[in-house]
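Structural description and commentary
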Amino acid sequence: MLIKPKNKGKVMFAYIHGYGSNKNGRSGKVLKELLGARGEVLEPLGWDSNATYDEIYADLKSQILDLQIRANDNLTLIGSSLGGYLSARFGMALGLKSVLFNPSLTPSFRIPSVPDLVLDKPINALIFVSADDELLAQNDIKVKALFGSKAQIFITHTTHRVMDYEPFIAGILEFAKN
């Protein structure tokens, strides 16, 4: 049996977009460019906003497991909004680090049958949540209440759709590599 060596210092990132976006959306492109400029690899993942939750989960799980193999188990998930919710779910299920931007904690208002986020397993997460989120009211309070000391939480003052990821890149890299 051939055993692959771990990626020393190299991390692969997977970006999960939010509701109504796609893997070729602005956030995925910007994050890929910013991380790529620092020698890191980001793979945007796609999912169909019109699919059922079970279909979305199965499709993303397959994509993540494939990337996890390519990354020699050194994969960090990044997600925004509903993608943040999904990143947290997969982070817990697969033992992966997760970086969440303005995560939706109760996404059933967008996709019926999606359960609220419950921390039923350990999570290793870095969360950037806005106190000024115009889409998810009081999300900063809800995130702090749910995650408490189980995650690193930073309160920002961005809009729901983060327009500038540059200020977050150093923190993402430090989190992913430690």
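Residues numbered from 1 in each chain as written. Predicted model: local features only at pLDDT ≥ 70, side-chain atom pairs only at ≥ 80, totals over all residues. Heavy atoms only, no water.

Secondary structure summary: the chain contains five helices and six strands in total. When its helices and strands are written in sequence order, the chain yields β-α-β-α-β-α-β-β-α-β-α. Reported as C-alpha extents along the three principal axes, the dimensions of the chain are approximately 50 × 35 × 30 Å. Burial analysis of the chain (178 residues in total) assigns 51% to the buried set. Approximately 9,000 Å² of the chain is accessible, and the part contributed by carbon and sulfur atoms is 54%. Mean positive and mean negative side-chain charge positions of the chain (20 and 18 charges, respectively) differ by 6 Å. (Helix = DSSP H or I, 4+ residues; strand = E, 2+ residues; numbered from the N terminus. Buried < 20%, exposed > 50% of the residue type's maximum accessible area, 1.4 Å probe, protein only. Areas by Shrake-Rupley, 256 points an atom, 1.4 Å probe, with all protein chains shown as cover. Lys, Arg positive; Asp, Glu negative; His and termini not counted. Charge placed at Lys NZ, Arg CZ, Asp CG, Glu CD.)

End to end, helix 3 (residues 82–94) covers 18 Å across 13 residues, agreeing with the expected 18 Å (1.5 Å per residue, within 8%). With ten of 13 residues buried, helix 3 lies mostly within the body of the structure. The set of residues buried in helix 3 consists of Leu-82, Gly-83, Gly-84, Tyr-85, Leu-86, Ser-87, Ala-88, Phe-90, Gly-91 and Met-92. On the buried face of helix 3, the contacting elements are strand 1 (12–16), helix 2 (53–70), strand 3 (75–80) and strand 4 (97–101). Backbone geometry just downstream of helix 3 places Gly-95 in the positive-phi region, at approximately 70°. (Expected span 1.5 Å × (residues − 1). Contact = heavy atoms within 4.5 Å.)

What follows deals with helix 5 (residues 166–177). Spanning twelve residues, helix 5 covers 18 Å between terminal C-alpha atoms, matching the ideal 16 Å at 1.5 Å per step. Regarding helix 5, the residues found buried are Phe-168, Ile-169, Ile-172, Leu-173, Phe-175 and Ala-176. Projected onto a plane normal to the axis of helix 5, the buried residues spread over an arc of 165° and lie on a single side. Turned more than 90 degrees away from the buried face of helix 5 sit Pro-167, Ala-170 and Glu-174, all of them exposed. (Arc of directions from axis to C-beta.)

This part takes up the pairing of strand 3. Burial within strand 3 is extensive, with six of its six residues counted as buried. Here strand 3 shows no split at all, with Leu-75, Leu-77 and Gly-79 on one side and Thr-76, Ile-78 and Ser-80 on the other all buried. For strand 1 and strand 3, the ladder comprises five bridges, and the chain directions are parallel. When the bridges of strand 3 are listed, Ala-14 appears paired with Leu-77. Judged from the five bridges that link them, strand 3 and strand 4 form a sheet pairing that is parallel. The residue of strand 4 that forms the bridge with Leu-77 is Ser-98. (Pairing = 2+ DSSP bridges.)

A few words on the sheet that holds strand 3. Taken in spatial order, the six strands of this open sheet run 2-1-3-4-5-6, and their pairing is parallel. The two strands at the open ends of the sheet, each matched to only one other strand, are strand 2 (41–45) and strand 6 (152–156). Each strand of the sheet is rotated relative to its neighbour by a mean of 15°, with strand direction disregarded. Bridge analysis of strand 5 (residues 124–130) against strand 6 gives five bridges, and the strand direction is parallel. Bridge assignment links Phe-128 to a residue of strand 6, and that residue is Phe-154. Lying on the sheet, helix 2 is in contact with strand 1, strand 2 and strand 3; it crosses strand 2 at an angle near 165°. Helix-sheet contacts for helix 5 involve strand 1, strand 3, strand 4, strand 5 and strand 6, and the interaxial angle to strand 4 is about 160°. (Axes fitted to C-alpha atoms, helices over the stretch in contact; angles between N-to-C directions.)

Right, let's get into the pattern of salt bridges. Under the counting rule described, the total for this entry stands at three salt bridges. Of the charged contacts, one joins Glu-40 and Lys-177 as a salt bridge, the two residues approaching to 2.7 Å between their closest N and O atoms. Separated by 137 residues along the polypeptide, Glu-40 in the loop between helix 1 (26–36) and strand 2 and Lys-177 in helix 5 bring together distant segments of the chain. (Salt bridge = Lys/Arg side-chain N within 4 Å of Asp/Glu carboxyl O.)

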